[in-house]
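The primary structure of each chain is shown beneath.
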Amino acid sequence: MNYGFVKVASAIPLLKVADCTYNIQQIENLIIQAEGKGVEIICLPELSISGYTCGDLFSQQLLLEQCEEGLYKLLDFTRSLKIISIVGMPVMVGSLLMNCAVVVQGGKILGVVPKTYLPNYKEFYEQRWFSSSKTLPSSSTTLLCAQVVPISPDIIFQTSEYKFGIELCEDLWAPNPPSTNLALKGADIIFNLSASNELICKNAYLRSLISQQSARCLCGYVYSSCGYGESTQDVVFAGNALIYENGSCIAMSKRFAVEEQLIISELDIERLRTERRINTTWSESVRNIIDKTVVEINCQLTSPSSDFKLSRWVNPHPFVPGGHELDDRCEEIFAIQVEGLAKRIEHTWAKTVVLGISGGLDSTLALLVCVKTMDKLNRPHKDIVGVTMPGFGTTDRTYNNAINLMKSLGVTIKEISIKDACIQHFKDIEHDINIHDVTYENGQARERTQILMDVANQLGGFVVGTGDVSELALGWCTYNADHMSNYGVNTSVPKTLVKYLVSWVALTSVDEESKATLLDIVDTPISPELIPADENGNIKQKTEDLVGPYELHDFFLYNFLRCGFRPAKIYFLAQQAFINQRKENSNMLASYIKTPEMQSAMEVNEYDEETIKKWLTTFCRRFFTQQFKRSCLPDGPKVGSVSLSPRGDWRMPSDASYAEWVKECESL
């Protein structure tokens, strides 16, 4: 494995029904192609040596002998290869004929897996020719190609780094698929050799089955179903090569192709094991499983490639919703935020909600949530008190955007300058106002929070927090200032998603005046505006110049927190997302969007290796040293899979050492 990835392939050969010699040639061609591309395991369709639609020819001795002769040729062909090949064929076991998957590596048969559930309804007649694996005693063996090999549905094949199991076609459709037991017994990957014919809507249902099984079993699932060349006498086989990982499709073939297909991708075994490790329901299921003995067979591990590259897509914006359900996803995020805030308002009998409006992204999103909440509660927007608090670094652009947005949304506006109060405060603590250090910055931030808290007390309301999870991850907030509120609606929303949601609202849910203001806010550089503007009145203090691009930090955060990856793997994935596949990623993300404004918001920037390393090191150091701020966060709703709430997803001591993480970063 490289970085925890196993390169697998699902292949669909061209074949001729009952022509084993021709079929073996096609299979060998696909195997050698896969070997040349670094594939470690290749899966081919059910009964791929003979063809699935042989019908009563399966009772012909000549066909059965030709299948075994074909397997002899395949063993000889693979003698010098490391790749593990899984092919389908009928296998005689004593007086029984079974529909089997045969696992081959280096000229040897490692094991044979017979099909358990034989469909015998509608167009299927498998019980006419084959016997189920249930007829076999445990720990059975069979003689195949002069080798005595184990045959069982409960075989787990293992290398030194991963394990896999096999089921065949109908097995997946059963209420209790064999793959469930195999996964609970340790299989990281399930391979399915199939011959599923095409019917209207059947493909969508099939894909949902694979998605659900791979998600339920927290595994990789590689599916190969026969295609062009099978008999079309009564049914048609379109060819389906599918690779899933924990519910997500990462590679798929073209259906109804008239040429062979070889679909290759990488399964992240490390991530799958992390998911199993942190999922207590998984461990409880392992404990409660009916004790069914499995047969473990060792395989050789393919040597990792020194120039390993991913063929699968790496999402540079893992928090940003995409796909056809784009609007639904955005509406759901807002619905969660609104539901949480509405409950808090009703529970506290709040007359108002108070929040600081800076003209920046976070406070804008929080204001939009407040507006939608008042609509839900049938209360006027005037019950929202937006407080703009100009300071030494406030620019005309952000000030005007704050005022214009509050006016267009119809909320109550308060303007309270913090300049005089901060000047007096600096005098009181004997701080030189010309020294723009952390005291100068944090003093302003705390003054703003004090104003908000006191205004909320005056008006019988509470303070709505605006900070997001990206800032919390980096500790880019002032302790007991913007770090604090009575309820933080953005507390688990990352910065890239904040930008996206504001853009989405601008283009779908507001009037033209609000739209123009929102889109300008999206284009404004991210800044706390605590340092005076430059000579032209523009923002001088840009957050991303100081702590790094949020696009990178959100990528780091997702892979660090959600996946549990170490710095070396995060660095590798970032190279794929922001260097090797950047153009493809930009096109992929932009394809979700129908408007130029949203396409601009989804653009993927390019970063060189040194830049990625620099900010990854910064992320690791700051994530550890700033935990004390996260240990006392106010309440706020969880909207996605990543949250830093000390009461929910993330419990970490404030004095944990970052030494090992930074050491690995520096060695990259």
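In case you missed it, the structure is sitting above this.
The text that follows walks through the structure, step by step, so that each part is easy to find. Given the structure is predicted, the values throughout are model-derived calculations rather than measurements.

## Quick look at helix α15 (residues 512-523)
Over its twelve residues, α15 runs 17 Å from end to end, which matches the ideal 16 Å to within 8%, given 1.5 Å per residue. Within the sequence span of α15, burial applies to Ser-514, Thr-517, Leu-518, Leu-519, Ile-521 and Val-522. For α15, the side-chain oxygen to backbone nitrogen distance between the N-cap and Glu-513 is 3.0 Å, and the N-cap itself is Asp-511.

## Things to note about the sheet that holds strand β15 (residues 295-298)
One open sheet holds the seven strands; their spatial order is β13-β12-β11-β10-β9-β8-β15, and the pairing between them is mixed. A single partner strand is all that each edge strand has here, and the edge strands are β13 (248-252) and β15. Taking each pair of neighbouring strands and ignoring which way they run, the sheet shows an average axis angle of 25°. Across six bridges, the pairing between strand β10 (residues 189-194) and strand β11 (residues 220-225) is parallel. Of the residues in β11, the one forming a bridge with Phe-191 is Val-222. Sitting on the sheet, helix α5 (residues 202-216) is in contact with β11, β12 (240-245) and β13, with an inclination near 30° to β12.

## Overview of the sheet that holds strand β17 (residues 384-388)
On the basis of which strands lie adjacent, the open sheet formed by five strands has the order β18-β17-β16-β19-β20 and parallel pairing. A single partner strand is all that each edge strand has here, and the edge strands are β18 (412-415) and β20 (487-488). Pairing between strand β19 (residues 461-465) and β20: two bridges, direction parallel. In the strand pairing of β20, Val-464 is matched with Tyr-487. Each of β16 (352-356), β19 and β20 is contacted by helix α8 (residues 326-348), which is oriented at about 160° to β19, the strand it contacts most. The sheet contacts of helix α9 (residues 361-376) involve β16, β17 and β19, and relative to β16 the element is tilted by about 165°.

## Here we look at the environment of Val-149
Turning to its location among the elements, Val-149 is positioned in strand β7 (residues 147-151). Judged by relative accessible area, which is 2%, Val-149 ranks as buried. When residues no more than four places from it in sequence are discounted, the contact partners of Val-149 are Ile-109, Val-112, Ser-140, Thr-141, Thr-142 and Leu-144.

## A few points about the environment of Arg-651
Here Arg-651 shows up in the loop between α22 (627-630) and α23 (659-666). Considered as a pair, Arg-651 and Lys-73 are 578 residues apart in the sequence and their alpha carbons are 57 Å apart. A polar side-chain atom of Arg-651 sits 3.0 Å from the main-chain carbonyl oxygen of Arg-647. Separated by 2.6 Å, the side chain of Arg-651 and the backbone oxygen of Gly-648 make a polar contact.

## Overview of the pairing of β10
Summarising burial for β10: six of the six residues are buried, a large majority. Residues Ile-189, Phe-191 and Leu-193 of β10 are buried on one face, and the alternating residues Ile-190, Asn-192 and Ser-194, pointing to the opposite face, are buried as well. Where strand β9 (residues 163-168) lies against β10, five bridges are found, and the strand directions are parallel. The residue bridging Glu-167 from the neighbouring strand is Asn-192, located in β10. For the handedness criterion, the β-α-β arrangement of β10, α5 and β11 is classed as right-handed.

## As for the pattern of salt bridges
For the coordinates displayed, the defined rule picks out 25 salt bridges. Across the pair Glu-275 and Arg-562 runs a salt bridge, and its minimum N-O distance is 2.6 Å. Here Glu-275, found in helix α6 (residues 269-278), pairs with Arg-562, found in helix α17 (residues 550-562); they are 287 residues apart in sequence, far enough to count as distant. By relative accessible area, which is 8% here, Glu-275 ends up buried.

## A closer look at the pairing of β9
Within β9, five of the six residues are buried, leaving the element largely enclosed by the surrounding structure. With two bridges joining them, strand β8 (residues 155-158) and β9 adopt antiparallel strand pairing. What sits directly across from Phe-157, in β9, is Phe-164.

## Regarding the nonpolar core
The biggest cluster of nonpolar side chains holds 49 residues, and the ones touching the most others in it are Ile-42, Leu-71, Val-102, Ile-109, Val-112 and Leu-144. When contributions to this core are tallied by element, the ones reaching two or more residues are β1 (5-12), α1 (20-36), α2 (61-77), β3 (84-93), β4 (96-105), β5 (108-114), β7 and β14 (261-268). Setting aside residues no more than four positions away along its own chain, Leu-144 makes contact with Glu-68, Leu-71, Met-89, Val-91, Val-102, Ile-109, Val-112 and Val-149. Of all hydrophobic cores here, the second largest spans 48 residues; its members include Ile-345, Ile-357, Val-505 and Leu-519.

## Some words on the packing of α17 against helix α21 (residues 609-625)
Packing of α17 against α21 brings their axes to within 10 Å, and their N-to-C directions diverge by 60°. Of the possible angle classes, the one that applies to α17 and α21 is oblique. The handedness of the crossing between α17 and α21 comes out as right-handed. Between α17 and α21, the residues in contact are Leu-552, His-553, Phe-556, Leu-557, Phe-560 and Leu-561 and Ile-612, Trp-615, Leu-616, Phe-619, Phe-623 and Phe-624, respectively. A class-by-class count of the residues in the contact of α17 with α21 yields eleven nonpolar, one polar and no charged.

Rules used throughout
- Residues numbered from 1 in each chain as written.
- Predicted model: local features only at pLDDT ≥ 70, side-chain atom pairs only at ≥ 80, totals over all residues.
- Heavy atoms only, no water.
- Helix = DSSP H or I, 4+ residues; strand = E, 2+ residues; numbered from the N terminus.
- Expected span 1.5 Å × (residues − 1).
- Buried < 20%, exposed > 50% of the residue type's maximum accessible area, 1.4 Å probe, protein only.
- Polar contact = N/O pair within 3.5 Å; in protein donor to acceptor, adjacent residues only side chain to side chain.
- Pairing = 2+ DSSP bridges.
- Axes fitted to C-alpha atoms, helices over the stretch in contact; angles between N-to-C directions.
- Contact = heavy atoms within 4.5 Å.
- Right-handed = clockwise from strand over helix to strand, strands pointing away.
- Salt bridge = Lys/Arg side-chain N within 4 Å of Asp/Glu carboxyl O.
- Core = buried A, V, L, I, M, F, W, Y, C linked by side-chain atoms within 4.5 Å.
- Parallel < 35°, antiparallel > 145°, perpendicular 65-115°, else oblique.
- Left-handed = near helix turned anticlockwise from the far one by under 90°.
- Nonpolar A, V, L, I, M, F, W, Y, C, P; charged D, E, K, R; others polar.

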